[in-house]
Amino acid sequence: MRRKIIAGNWKMNLTVAEGTALVTALRDRCAKVSNMDIVVAPTATAIYPIAQVLAGSMIAVAGQNCHWADKGAYTGEFSPVQLKDAGCKYVIIGHSERRQYFAETNEGVAKKARALFDHQLTPILCVGETLEERESNKTFDVIAEQVKVGLSALSADEVAAIVLAYEPVWAIGTGRTATPEQAEEVHAAIRKQVAEIYGQATADKVRIQYGGSVKASNAAQLLGQPDIDGALVGGASLTADAFMGIILYEESKK
Ligand code: PEP
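### Focus: the environment of Lys-84
Move 1: Mapped onto the fold, Lys-84 is located in helix α3 (residues 80–86).
Move 2: For Lys-84, a relative accessible area of 38% translates into the label partly exposed.
Move 3: In this structure, Lys-84 is in contact with His-119, Gln-120 and Leu-121, ignoring residues within four places of it in sequence.
Move 4: Engagement of the side chain of Lys-84 in a polar contact is seen with the backbone oxygen of His-119, the distance being 3.2 Å.

Given below as structure tokens:
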């Protein structure tokens, strides 16, 4: 049984005060949650204070991006070393907004994944097709390439420990969700590909989140699919009620 992982990606939202209030509520309301991993990914400026509020709680903190170098002349960037120092356990890499607006490539994602494992941080590696790619039947080719190259610098044990996130670009922030069948089809294909490259034991362990307009009302069906091991949540992670709606669905299955 893979342990579910629900992560909230705040993107470029919330001040330190707003984020602190949100995680204080989440920390208290999640105090008895034990059957899943919960992660929040604040904007970089809020990581340290948020990590202070969550210290000793069951909620972990993630970065939304990182550079692959430990340090250096890369104005505006931050390194895995710095993210770990600020309190992160996870770092999202390859998010479609990074790929689309900041020219993040599969090769860059592979370097970031390598650097994160070198610093005992867990990558949440996002893959997903655009609407145009889906409509021209390229979904599986695009994702296979993102998975193959993105994981290429890792050992089988590292792949078993990584978190993958399938996020169809057309479903992010649009209110349009993949059907559970559409999502499961891609998740199963990703797991099959991992099995072919890294072996079945690795594929059985790797967790694959779904992301794209997940909310309390569709979480049950999506998270009920055999190869969907959690959710990467954008909009619905910005209020305690909306995020807890997703978490409590999972918790109720205990
Ligand atoms: C995301 O940003 O990873 C995401 C899935 O956003 P939303 O839930 O708002 O679609």
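Back to the text.
### Focus: the pairing of strand β8 (residues 230–233)
Move 1: Side chains Gly-230 and Leu-232 of β8 all project onto a buried face; the interleaved residues Ala-231 and Val-233 project onto the opposite face, where all are buried too.
Move 2: Here strand β7 (residues 207–211) pairs with β8 via two bridges, running parallel. Note that in β8 the partner of Tyr-210 across the bridge is Ala-231.
Move 3: This β-α-β element, β7 to helix α11 (residues 216–223) to β8, shows right-handed connectivity.

### Remarks on α11
Move 1: Considered for burial, the residues of α11 that qualify are Asn-218, Ala-219, Leu-222 and Leu-223. The arc that holds every buried residue of α11, seen down its axis, measures 125°, which confines them to one face. For α11, exposure combined with an orientation more than 90 degrees from the buried face picks out Ser-217 and Gln-221.

### Let's talk about the packing of helix α7 (residues 139–150) against helix α9 (residues 180–198)
Move 1: At a closest axis distance of 10 Å, the pairing of α7 and α9 adopts a crossing angle of 45°. Classified by the angle their axes make, α7 and α9 are oblique. Crossing hand, α7 versus α9: right-handed. The segment α7 lies against α9, with Thr-139, Phe-140, Ile-143, Ala-144, Val-147 and Lys-148 engaging Glu-185, Val-186, Ala-189, Ile-190, Gln-193, Val-194 and Ile-197.
Move 2: Looking at the contact of α7 with α9, its residues break down into nine nonpolar, two polar and two charged.

### Quick word on unusual backbone geometry
Move 1: Although it is not a glycine, Ala-103 sits at a positive phi angle of roughly 55°.
Move 2: Mapped onto the elements, Ala-103 comes out in the loop between α4 (96–101) and α5 (106–118).
Move 3: What makes Ala-103 exposed here is its relative accessible area of 62%.
Move 4: Despite not being glycine, Ser-213 shows a phi value in the positive range, around 55°.
Move 5: Secondary-structure assignment places Ser-213 in the loop between β7 and α11.
Move 6: Overall, the relative accessible area of 17% leaves Ser-213 in the buried class.

### Some remarks on the site of the ligand
Move 1: What surrounds the ligand is a group of 14 residues, the closest being Lys-11, Glu-167, Gly-173, Ser-213 and Gly-234.
Move 2: One nitrogen or oxygen atom from the main chain of Gly-173 is found 2.6 Å from an oxygen atom belonging to the ligand.
Move 3: Within the backbone of Ser-213, one N or O atom sits 2.7 Å away from an oxygen atom of the ligand.
Move 4: In isolation the ligand exposes 290 Å². Once the protein is present, 95% of that is buried.

### Focus: the nonpolar core
Move 1: Residues Leu-151, Ile-190 and Val-194 are the most contacted members of the largest nonpolar core, which totals 66 residues.
Move 2: In contact with Val-194, other than residues within four places in its own chain, are Val-147, Leu-151, Val-159, Leu-164, Gly-199, Thr-202, Ala-203 and Val-206.
Move 3: Formed by 13 residues, the second largest nonpolar core is a distinct cluster that contains Ile-5, Ile-124, Val-163 and Leu-232.

Here is what the cut-offs are and how they apply
Residues numbered from 1 in each chain as written. Predicted model: local features only at pLDDT ≥ 70, side-chain atom pairs only at ≥ 80, totals over all residues. Heavy atoms only, no water. Helix = DSSP H or I, 4+ residues; strand = E, 2+ residues; numbered from the N terminus. Buried < 20%, exposed > 50% of the residue type's maximum accessible area, 1.4 Å probe, protein only. Contact = heavy atoms within 4.5 Å. Polar contact = N/O pair within 3.5 Å; in protein donor to acceptor, adjacent residues only side chain to side chain. Pairing = 2+ DSSP bridges. Right-handed = clockwise from strand over helix to strand, strands pointing away. Arc of directions from axis to C-beta. Axes fitted to C-alpha atoms, helices over the stretch in contact; angles between N-to-C directions. Parallel < 35°, antiparallel > 145°, perpendicular 65-115°, else oblique. Left-handed = near helix turned anticlockwise from the far one by under 90°. Nonpolar A, V, L, I, M, F, W, Y, C, P; charged D, E, K, R; others polar. Near = heavy atom within 4 Å. Areas by Shrake-Rupley, 256 points an atom, 1.4 Å probe, with all protein chains shown as cover. Core = buried A, V, L, I, M, F, W, Y, C linked by side-chain atoms within 4.5 Å.

Just distances and angles here, no functional claims.
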